[in-house]
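So the chains spell out like this:
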Amino acid sequence: MPMKTLESLEVQGKRVLVRVDYNVPIEGGVIQDDTRITASLPTLHKLLERGATVILMSHLGRPKGVDDAYRLAPVAARLEEVLGRKVFYISSKPASDETARAVQQLEPGSVALLENVRFESGEEKNDPELNRKLAQLGDAFVLDAFGSAHRAHSSVSGVAGLLPHAGGLLLEAEVKALGKLTEHPISPYVVVIGGAKVSDKLKVIENLLPKVDRMLIGGGMAYTFVKAQGGQIGKSIHEDDFLDTARRLLGTYASKIVLPSDTLAGDSFSNDAKLEVFPTNAIPEDWEGMDIGPESRKAFAAALEGAKTVFWNGPMGVFEFENFAGGTNAVATAVANLQGAYTVIGGGDSVSAIHQSGQADKISHISTGGGASLELLEGKVLPGVAALE
Ligand code: AMP
């Protein structure tokens, strides 16, 4: 059954509870990247145009109970700026009587933001009592938090069952854009996977390998594959528990998997480490692979050339250190420069890399959900989406 869309939901004069993903990076009270806030604006404008009162809820970080460091006050302030209207920030716990009273007092057509839903201990347990209390705050429910749609939590899927519901415009756009990668992607289909660990992304790797033409594996996870082939990887990050799995995948999909032939290594895990390039399968004992090397950057760009469908998740190295960001930037440029390809980037690190490179506008779709986009590509039905069917 298809997901119910915003169009089909009666919202005029109703209090609409909207689950958004405002889990934004905040340092010293200052929001570092407000993409997730601005990404929710189309849904908010649409609801307000159609005469709804909007009650927003989101999580922020991983607080254990009420914790001032995880309050949504800076988010409320930024939302007010980008939305261009008053946002009532209700700082009591979302399921408290105070919050219920504050919501009752809202003028029709106004916008309120509830406090961090993870201040409620029942949120991550999808607690029925919390579902009931949250549902009492609204007449209808909209899920627009694509970045949280893979969580079966109270504010994501729990409330949906108790109220008339629909997916928001962001959720709909994400599901559609990522759907093009799973339903009849145009070949050549090339996937670039990076990041620290094989174990985190094994399911998506296994699910995608039969469907893609090439899979380029970079970042820390590449060393597990190279070790599985008998290479010497020095003190590079790797997972011995996954050597057999890596060997099996290399055996079955030898012609599709592209590993970095060379590595930019450091003599310590720091931006100031001494640098040297080695073949990835001959890294001396005291050196650590921190980025793909110059030959690999060229080979990865060449393997992307001519692709018609591309998905990229995960950095090619420890890109937080400027000296080891070159491989990730090279992939960003290679993906951005593809002509006539459908390109999708998901995952916080690769998304910040494409933004930093100033080439985000050349990408077909930049996903607001790392984990959620990976789970969709694993072939899973996201609990948040399932609750809207
Ligand atoms: P993920 O969240 O799985 O996409 O992993 C991202 C993290 O992987 C980043 O913090 C990178 O610093 C880290 N990473 C990428 N390549 C390496 C590497 N060669 N060694 C250690 N960490 C790495």
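Please read all numbers here as calculations on a predicted model, not as lab measurements.

**Notes on the pairing of strand β6 (residues 111-114)**
Thinking step 1. Alternating residues of β6 divide into V111 and L113 and A112 and L114, and every residue in both groups is buried.
Thinking step 2. Pairing of strand β4 (residues 53-57) with β6, which is carried by three bridges, proceeds in the parallel orientation. Bridging across to β6, L56 finds its partner in L113.
Thinking step 3. Bridge count for strand β5 (residues 87-90) against β6 is four bridges, and the pairing is parallel. Across the sheet, Y89 pairs through a bridge with L113, a residue of β6.

**A word on the side chain of N313**
Thinking step 1. Inspection of the secondary structure assignment puts N313 in strand β17 (residues 309-313).
Thinking step 2. Not counting residues up to four positions away in its chain, the partners in contact with N313 are V192, I193, G194, K201, G346, G347, S350 and L374.

**Quick word on the packing of aromatic side chains**
Thinking step 1. Tallied over the entire structure, the rule returns two aromatic pairs.
Thinking step 2. For the ring pair F269 and F321, a centre distance of 5.3 Å and an interplane angle of 65° mean the geometry is edge-to-face. With F269 in the loop between β13 (262-266) and β14 (275-279) and F321 in the loop between β17 and α12 (326-336), the pair connects residues that are 52 residues apart, well separated along the chain.
Thinking step 3. For the pair F278 and W287, a centre-to-centre distance of 5.3 Å together with 70° between the ring planes defines the contact as edge-to-face.
Thinking step 4. Under the relative-accessibility criterion, W287 is labelled buried at 12%.
Thinking step 5. A cation over a ring is seen here: K86 above F88, with NZ or CZ 5.4 Å from the ring centre.

**Some points on the pattern of salt bridges**
Thinking step 1. Inspection of every chain in the model, using the stated rule, returns 16 salt bridges.
Thinking step 2. Residues R118 and E124 are paired through a salt bridge, measuring 3.7 Å at the closest nitrogen-oxygen approach.
Thinking step 3. On the basis of relative accessibility, which here comes to 46%, the residue E124 falls in the partly exposed class.
Thinking step 4. Salt-bridge contacts for K380 lead to E378; the nearest nitrogen and oxygen are separated by 3.2 Å.
Thinking step 5. A cluster of three or more residues bridged by salt bridges with shared partners is formed by D34, R78 and E81.

**Digging into the environment of V198**
Thinking step 1. Take V198: it is sitting in helix α8 (residues 198-208).
Thinking step 2. With residues up to four places along the chain from it excluded, the contact list for V198 reads M221, T224, F225 and E239.

**Some words on the sheet that holds β13**
Thinking step 1. A sheet is described by the order of its strands in space; here three strands give the open sequence β14-β13-β16, paired in antiparallel fashion. Each end of this open sheet is capped by a strand with a single partner; those strands are β14 and β16 (288-292). Between one strand axis and the next, the sheet turns by 45° as a mean value, whatever way the strands run.
Thinking step 2. The pairing of β13 with β14 spans five bridges and is antiparallel.

**What to know about the site of the ligand**
Thinking step 1. Among the 15 residues in the neighbourhood of the ligand, the closest are listed as K201, G220, G289, E320 and D349.
Thinking step 2. Within the backbone of A196, an N or O atom sits 3.1 Å from an oxygen atom of the ligand.
Thinking step 3. Contact between the ligand and G289: a nitrogen atom at 3.0 Å from a main-chain N or O atom of the residue.
Thinking step 4. Considered on its own, the ligand offers 500 Å² of accessible surface; in the complex 80% of this is hidden by protein.

**Quick notes on helix α2 (residues 41-49)**
Helical geometry note: an α-helix holds 3.6 residues per turn, so side chains three or four residues apart project in the same direction.
Thinking step 1. For α2, the full list of buried residues reads L41, T43, L44, L47 and L48. Around the axis of α2, the buried residues are gathered within 160° of arc, so they sit on the same side.
Thinking step 2. Just beyond α2, the residue with positive phi is G51, at close to 85°.

**Observations regarding the packing of helix α7 (residues 169-182) against helix α14 (residues 370-377)**
Thinking step 1. Following both chains from N to C, one finds α7 and α14 inclined at 40°, their axes separated by 10 Å at the closest point. As the angle between them shows, α7 and α14 are arranged oblique. In the crossing of α7 with α14, the sense of the turn from one axis to the other is right-handed. On the side of α7, the interface is formed by L178, L181 and T182, while α14 contributes S373, L376 and L377.
Thinking step 2. In terms of residue class, the contact of α7 with α14 is built from four nonpolar, two polar and no charged.

**Topic: the sheet that holds strand β19 (residues 365-366)**
Thinking step 1. Sheet architecture is open: six strands sit in the order β12-β10-β9-β17-β18-β19, paired in parallel fashion. This sheet does not close on itself; its edge strands, each paired only once, are β12 (257-258) and β19.
Thinking step 2. Judged from the two bridges that link them, strand β10 (residues 214-217) and β12 form a sheet pairing that is parallel. When the sheet's bridge partners are listed, M215 is paired in β12 with I257.

Scoring rules and cut-offs
Residues numbered from 1 in each chain as written. Predicted model: local features only at pLDDT ≥ 70, side-chain atom pairs only at ≥ 80, totals over all residues. Heavy atoms only, no water. Buried < 20%, exposed > 50% of the residue type's maximum accessible area, 1.4 Å probe, protein only. Helix = DSSP H or I, 4+ residues; strand = E, 2+ residues; numbered from the N terminus. Pairing = 2+ DSSP bridges. Contact = heavy atoms within 4.5 Å. Phe/Tyr/Trp six-rings, centres within 6.5 Å; stacked < 30°, edge-to-face > 60°. Lys NZ or Arg CZ within 6 Å of the ring centre and 35° of its normal. Salt bridge = Lys/Arg side-chain N within 4 Å of Asp/Glu carboxyl O. Axes fitted to C-alpha atoms, helices over the stretch in contact; angles between N-to-C directions. Near = heavy atom within 4 Å. Polar contact = N/O pair within 3.5 Å; in protein donor to acceptor, adjacent residues only side chain to side chain. Areas by Shrake-Rupley, 256 points an atom, 1.4 Å probe, with all protein chains shown as cover. Arc of directions from axis to C-beta. Parallel < 35°, antiparallel > 145°, perpendicular 65-115°, else oblique. Left-handed = near helix turned anticlockwise from the far one by under 90°. Nonpolar A, V, L, I, M, F, W, Y, C, P; charged D, E, K, R; others polar.

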